[in-house]
Amino acid sequence: MPHPRHGLFDLRPPSTPAEWEAYHRIRQDVLLEAKKYAVEHADELVPGHHPLLLWLDQKPVGSIRIDIDSVGRAGLRLVAVDPDLQKQGCGRALLRLAEEFARAHGCTRAVLYATLDAVGFYAKAGYQEEDWDDVYVSGIVQMAKLLCDATEGETR
Ligand SMILES: CC(C)(COP(=O)(O)OP(=O)(O)OC[C@H]1O[C@@H](n2cnc3c(N)ncnc32)[C@H](O)[C@@H]1OP(=O)(O)O)[C@@H](O)C(=O)NCCC(=O)NCCS
């Protein structure tokens, strides 16, 4: 299956030790939760879980894990952009390519747990608050988006 591309952005699995290092470094720099995910963490290796690195030209700039479940949902996990490159469109490209990846794997919905700080970012990309999981976590907003059309629901 070809890797999704969008302009100069490319989303693909880390494949060398240096790429794995970049994958973990980017998310550990910006997400407290990521610190528990060492390279060997079992969640990274579950079938259907896809660790992916976002490239801008030749530089790794973001990371995400897409967990595909048996009912056609793509869980977007540990969404992260290099702190030096935030607010420049990388996050938007990361979501767009993640959704393309999910569609290519047969998913019809993307779901995620957003921190309060990130709710606005996901809302701009067409995600809506929706309780798709019955677990309640304080300070976390559950959000979801139908994956019918590549740009449906985006505010730009
Ligand atoms: C959240 C994150 C992935 C966004 O990436 P980014 O590269 O800064 O986002 P972009 O520059 O592509 O922004 C896309 C749009 O969302 C907006 N946006 C970005 N971060 C936002 C935020 N925290 N709140 C509200 N809007 C936000 C931007 O202003 C932009 O709006 P525009 O289309 O009107 O210009 C990034 O800031 C990050 O890694 N944060 C730390 C980790 C994190 O919080 N991850 C999500 C946990 S659920």
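What counts, and at which threshold
Residues numbered from 1 in each chain as written. Predicted model: local features only at pLDDT ≥ 70, side-chain atom pairs only at ≥ 80, totals over all residues. Helix = DSSP H or I, 4+ residues; strand = E, 2+ residues; numbered from the N terminus. Rg over C-alpha atoms; globule rule 2.2 N^0.38 Å. Buried ≥ 20, exposed ≤ 12 C-beta atoms within 10 Å, placed from the backbone. Contact = placed C-beta atoms within 7 Å. Pairing = 2+ DSSP bridges. Axes fitted to C-alpha atoms, helices over the stretch in contact; angles between N-to-C directions. Expected span 1.5 Å × (residues − 1). Arc of directions from axis to C-beta. Near = placed C-beta within 6 Å. Nonpolar A, V, L, I, M, F, W, Y, C, P; charged D, E, K, R; others polar.

Draft legend 1. Expanded view of the overall build of the protein. Along the backbone of the protein there are 3 helices and 8 strands. Listing every helix and strand of the protein by position from the N terminus yields β-β-α-β-β-β-α-β-α-β-β. Relative to the 2.2 N^0.38 estimate, which gives 15 Å for 156 residues, the radius of gyration of the protein is 14 Å and therefore close to what a compact globule would have. Within the span of the protein, comprising 156 residues, buried residues form 33% of the whole. Excluding contacts between residues fewer than 6 apart, the proportion of contacts in the protein whose partners are at least 24 apart in sequence is 58%.

Draft legend 2. Spotlight on the sheet that holds strand β5 (residues 73–81). Reading across the sheet, the 8 strands line up as β1-β2-β3-β4-β5-β6-β8-β7 and stay open at both edges, with mixed pairing between neighbours. Two strands close off the open sheet at either side, each with one partner strand: β1 (5–6) and β7 (128–129). Where β7 lies against strand β8 (residues 140–146), 2 bridges are found, and the strand directions are antiparallel. Opposite Q128, over in β8, you have A144 as the bridge partner. Relative to the sheet, helix α1 (residues 17–30) contacts β3 (49–56), β4 (59–68) and β5, its axis offset from that of β4 by approximately 85 degrees. Packed onto the sheet, helix α2 (residues 90–104) meets β1, β2 (9–12), β3, β4, β5 and β6 (109–115) and runs at close to 40 degrees relative to β4.

Draft legend 3. Geometry of α2. Helix length check: α2, at 15 residues, gives a terminal C-alpha distance of 21 Å against a target of 21 Å (1.5 Å per residue), a fit within 8%. Of the residues one or two after α2, G106 is the one with positive phi, at around 85 degrees.

Draft legend 4. Spotlight on α1. Look at α1: 21 Å from first C-alpha to last across 14 residues, which is about the 20 Å you get at 1.5 Å a residue. Turning to α1, its buried residues are A22, Y23, I26 and R27. Seen end-on, α1 carries its buried residues on one side only, within an arc spanning 110 degrees. Summarising the geometry of α1, the exposed residues directed more than 90 degrees from the buried face are P17 and A18. Those residues of α1 hidden inside the fold are in contact with β3, β4 and β5.

Draft legend 5. Quick look at the site of the ligand. Lining the immediate environment of the ligand, one finds 20 residues, of which Q86, G91, R92, G120 and F121 sit closest. Those elements that provide at least two residues to the shell around the ligand are β5, α2, β6 and α3 (119–124). Counted by class, the shell around the ligand contains 9 nonpolar, 6 polar and 5 charged residues.

Draft legend 6. Here's a closer look at unusual backbone geometry. The phi torsion at L78 lies on the positive side, around 50 degrees, for a residue other than glycine. Residue position: L78 is located in strand β5.

Draft legend 7. Looking closely at the environment of L76. By the secondary structure assignment, L76 is in strand β5. The exposure class assigned to L76 is buried, which follows from the 23 C-beta atoms found within 10 Å. When the C-alpha atoms of L76 and Y122 are compared, they prove to be 11 Å apart, with 46 residues separating the residues in sequence. With sequence-adjacent residues up to four places away left out, L76 is seen in contact with I64, I66, A98, A110 and L112.

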